[in-house]
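Fold and contact review
Spelled out from the first residue to the last, the chains are:
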Amino acid sequence: MTQKFPYNKDKQQAFQAAQQGYEEAQGLAATIISDNASYGHQLKHLKEEVNEAYQQIENALEVATEHQRAQLERFQQDLQSIVAEVNLPD
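Residues numbered from 1 in each chain as written. Predicted model: local features only at pLDDT ≥ 70, side-chain atom pairs only at ≥ 80, totals over all residues. Heavy atoms only, no water.

It is worth spelling out the overall build of the protein chain at this point. A tally of regular secondary structure across the protein chain gives three helices and zero strands. If you list the helices and strands of the protein chain from N to C, you get α-α-α. Of all 90 residues assigned to the protein chain, the portion counted as buried reaches 31%. Here the protein chain has roughly 6,200 Å² of accessible surface; of this, 47% comes from carbon and sulfur atoms. (Helix = DSSP H or I, 4+ residues; strand = E, 2+ residues; numbered from the N terminus. Buried < 20%, exposed > 50% of the residue type's maximum accessible area, 1.4 Å probe, protein only. Areas by Shrake-Rupley, 256 points an atom, 1.4 Å probe, with all protein chains shown as cover.)

Mapped onto the secondary structure, Glu 49 falls in helix H2 (residues 39-61). Salt bridges are absent for the buried Glu 49, whose nearest opposite-charge side chain, Lys 44, sits at 12 Å. (Lys, Arg positive; Asp, Glu negative; His and termini not counted. Salt bridge = Lys/Arg side-chain N within 4 Å of Asp/Glu carboxyl O.)

In this model, the protein chain carries an average pLDDT of 85, and 83% of its residues clear a pLDDT of 70 or more. Confidence, read as mean pLDDT per element, is least for helix H1 (residues 7-31) in the protein chain (88) and greatest for helix H3 (residues 66-86) (93). (pLDDT = per-residue confidence, 0-100.)

The subject of this paragraph is the packing of aromatic side chains. Tallied over the entire structure, the rule returns two aromatic pairs. Aromatic side chains Tyr 22 and Phe 75 sit 4.2 Å apart centroid to centroid with 15 degrees between the ring planes, which places their arrangement in the stacked category. Taken together, the residues Tyr 22 in helix H1 and Phe 75 in helix H3 connect sequence positions 53 residues apart. By relative accessible area, which is 6% here, Tyr 22 ends up buried. Pairwise contacts between aromatic rings join Phe 15, Tyr 22 and Phe 75 into one cluster. (Phe/Tyr/Trp six-rings, centres within 6.5 Å; stacked < 30°, edge-to-face > 60°.)

Rendered as structure tokens:
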């Protein structure tokens, strides 16, 4: 049986999922070293994390409060910077 969460709790959960995805992608980007033997594998993993974070942010934006929306938009901008920094292919 699925438990229904109050609307505000859904907002908070969506925001937290987006924040976690963003932080994981950011942390992974910080650990990638271009001359590392596993760079290609790490880059692939980063691309997956970034894509997942983008999706979580998009989901959270659908129900976000005004304050959360501003933070989520900053997350998106930071992720775009990460993508540009490591030249992630689309």
